[in-house]
Amino acid sequence: MQQTGFQLEHCRPNCPKAARDWHNLYDELEIKLTELNLLQILQDKFRPVLNHHLPKVCLAGCPNGCSQPNIKDFGISGYVTPRITDAQCSGCKACERTCLEEAITCQPNGITIDNTRCISCGDCLKVCLSGTLISGESGWSLRLGGRVGRHPQFAKFAGQVPTDEEVVAWISAIMSGYIKDAGPQERLTHFLNDNKVSLVSSVNGKSAHKSSGEEFQDQRQ
Ligand code: SF4
Ligand code: SF4
Ligand code: SF4
């Protein structure tokens with residue numbers, strides 16, 4: 001992997017549980033990260049360039065996070081929020097049984113969803129045959145600054161964006177900041193911890209923009 005100057009990972013291809021398809025995003029990120037010529041940047045900072053120097057980007061198709069996005073510099077997870085329509089609910093309770101978060105309650109007059117419990121995995125949509133539950137808002141949850149090693153830490157929630165392009169722009173902006181502003185031997189993980197990042201987008205009030213000096217808010221565990 002040192003040959004590319006970055007590590008880009010994904011979860012299981014074509015998984016039926018995916019809330020978002022990551023294949024195109026993976027390809028776009030590979031192109032963008034390659035364009036940044038990161039290997040040369042890292043070789044100017046570190047000799048030799050070791051695994052822990054590499055920027056690590058990880059894609060997961062849903063909040064299950066099988067590819068471990070929470071311990072990478074950039075963790076990207078697909079999400080889809082269920083929307084309740086006017087279509088008649090059959091009362092089958094398949095959605096209630098499917099929801100591992102116990103967010104759905106079936107009642108005689110339809111269902112309710114507890115949004116404080118729902119993690120937007122989309123499992124309930126897949127079992128509703130009546131059309132009462134359909135896809136609502138969908139996109140990518142962004143996390144930043146995860147790592148393993150001597151001082152492990154989970155990546156922190158940094159916002160949600162609806163499109164692949166916004167994910168690419170977000171990572172590209174941060175990596176460009178690292179290339180431009182990081183110290184001579186500063187690792188990306190320390191650069192991110194020192195709040196030297198500039199994020200780019202905002203969706204549904206869940207901001208993915210952070211100014212220097214602000215703390216990240218981990219809104220979704
Ligand atoms: S993270 Fe979700 S989509 Fe990816 S392999 Fe796991 S369950 Fe499937
Ligand atoms: S999207 Fe997932 S967590 Fe939310 S209600 Fe449906 S099954 Fe439950
Ligand atoms: S799966 Fe659909 S039809 Fe069945 S209880 Fe849930 S909302 Fe109603």
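As the structure is a computational prediction, the values presented were derived from the model and not from experiment.

Conventions and cut-offs
Residue numbers restart at each chain and count upward from 1, following the sequence in its written direction. Chains carry letters and ligands carry numbers; both start at the beginning, A for chains and 1 for ligands, and go up in the order they are written. Given that the model is predicted, a residue must reach a pLDDT of at least 70 before its local features are reported, and side-chain atom pairs must reach 80 or more before they are shown or counted; all residues, however, enter totals for whole chains, interfaces and linings. To get the side-chain values, all heavy atoms of the structure are used, and hydrogens and water are removed first. A carboxyl oxygen of Asp or Glu within 4 Å of a side-chain nitrogen of Lys or Arg is what we treat as a salt bridge. Strands here mean DSSP runs of E at least two residues long; helices mean DSSP runs of H or I at least four residues long; both are numbered from the N terminus. Between buried and exposed lies partly exposed: a residue is buried under 20% and exposed over 50% of the maximum accessible area for its type, with that area taken using a 1.4 Å probe on protein chains only. One less than the residue count of a helix, multiplied by 1.5 Å, gives the span that helix is expected to have. It is the directions from the helix axis to the C-beta atoms whose arc is reported. Contacts are assigned to residue pairs that have any heavy atoms within 4.5 Å of one another. Two strands pair if DSSP finds at least two bridges between them. Only the stretch in contact is used when a helix axis is fitted, and all axes are lines through C-alpha atoms; the angle between N-to-C directions ranges over 0 to 180 degrees. Helix crossings get a hand from a simple test, with the near helix turned counterclockwise from the far one by less than a right angle marking a left-handed crossing and a clockwise turn marking a right-handed one. Side-chain classes follow a simple rule in which Ala, Val, Leu, Ile, Met, Phe, Trp, Tyr, Cys and Pro form the nonpolar group, Asp, Glu, Lys and Arg form the charged group, and the remainder, Gly included, forms the polar group.

Section: the pattern of salt bridges
Piece 1. Under the criterion given, the structure shown has 5 salt bridges.
Piece 2. Note that lysine 72 and glutamate 9 form a salt bridge whose closest N and O atoms lie 2.5 Å from each other. Residue lysine 72 is found in the loop between strand S2 (56-60) and strand S3 (74-84), and its partner glutamate 9 is found in strand S1 (residues 7-10); the two are separated by 63 residues along the sequence.
Piece 3. Here glutamate 9 falls in the partly exposed class, since its relative accessible area comes to 27%.
Piece 4. Note that arginine 20 and aspartate 164 form a salt bridge whose closest N and O atoms lie 3.8 Å from each other. One end of the pair, arginine 20, is in the loop between S1 and helix H1 (23-35); the other, aspartate 164, is in helix H5 (residues 164-181), and 144 residues separate them in sequence.

Details of H5
Piece 1. Between the first and last C-alpha of H5 there are 26 Å, a value that for 18 residues agrees with the 26 Å anticipated at 1.5 Å per step.
Piece 2. Regarding H5, the residues found buried are Asp164, Val167, Val168, Trp170, Ile171, Ser172, Ile174, Met175, Gly177 and Tyr178.

Things to note about helix H2 (residues 38-45)
Piece 1. For H2, every residue scored as buried is listed here: Leu38, Leu42 and Lys45. Viewed end-on, H2 has its buried residues packed into an arc of 60 degrees, placing them on one side of the element.
Piece 2. Where H2 is buried, its residues touch H1 and H5.

Side note on the sheet that holds S3
Piece 1. Read from one edge of the open sheet, 5 strands run S1-S2-S3-S6-S7, paired in mixed fashion. Strands at the two margins of the open sheet, each flanked by one partner only, are S1 and strand S7 (156-161). Strand-to-strand twist across the sheet, computed as the mean angle between neighbouring axes with direction ignored, equals 25 degrees.
Piece 2. Pairing of S3 with strand S6 (residues 133-144) involves 10 bridges; the strand directions are antiparallel. Paired with glycine 75 across the bridge in S6 is arginine 143.

A closer look at the packing of H2 against H5
Piece 1. Two numbers describe how H2 lies on H5: the axes approach to 11 Å, and their chain directions differ by 35 degrees. Considering how the two elements wind past one another, H2 and H5 form a crossing that is left-handed. In contact with Leu38, Ile41, Leu42 and Lys45 of H2, H5 contributes Met175, Tyr178 and Ile179.
Piece 2. Taken together, the residues of the contact of H2 with H5 break down into 6 nonpolar, no polar and 1 charged.

Comments concerning the environment of isoleucine 76
Piece 1. One can find isoleucine 76 in strand S3.
Piece 2. Put simply, isoleucine 76 and glutamine 160 are 84 residues apart on the chain and 9.3 Å apart in space, counted from C-alpha to C-alpha.
Piece 3. Apart from residues no more than four positions distant in its own chain, isoleucine 76 is found in contact with Leu25, Cys58, Leu59, Ala60, Pro69, Trp140, Ser141, Leu142, Val167, Trp170 and Ile171.

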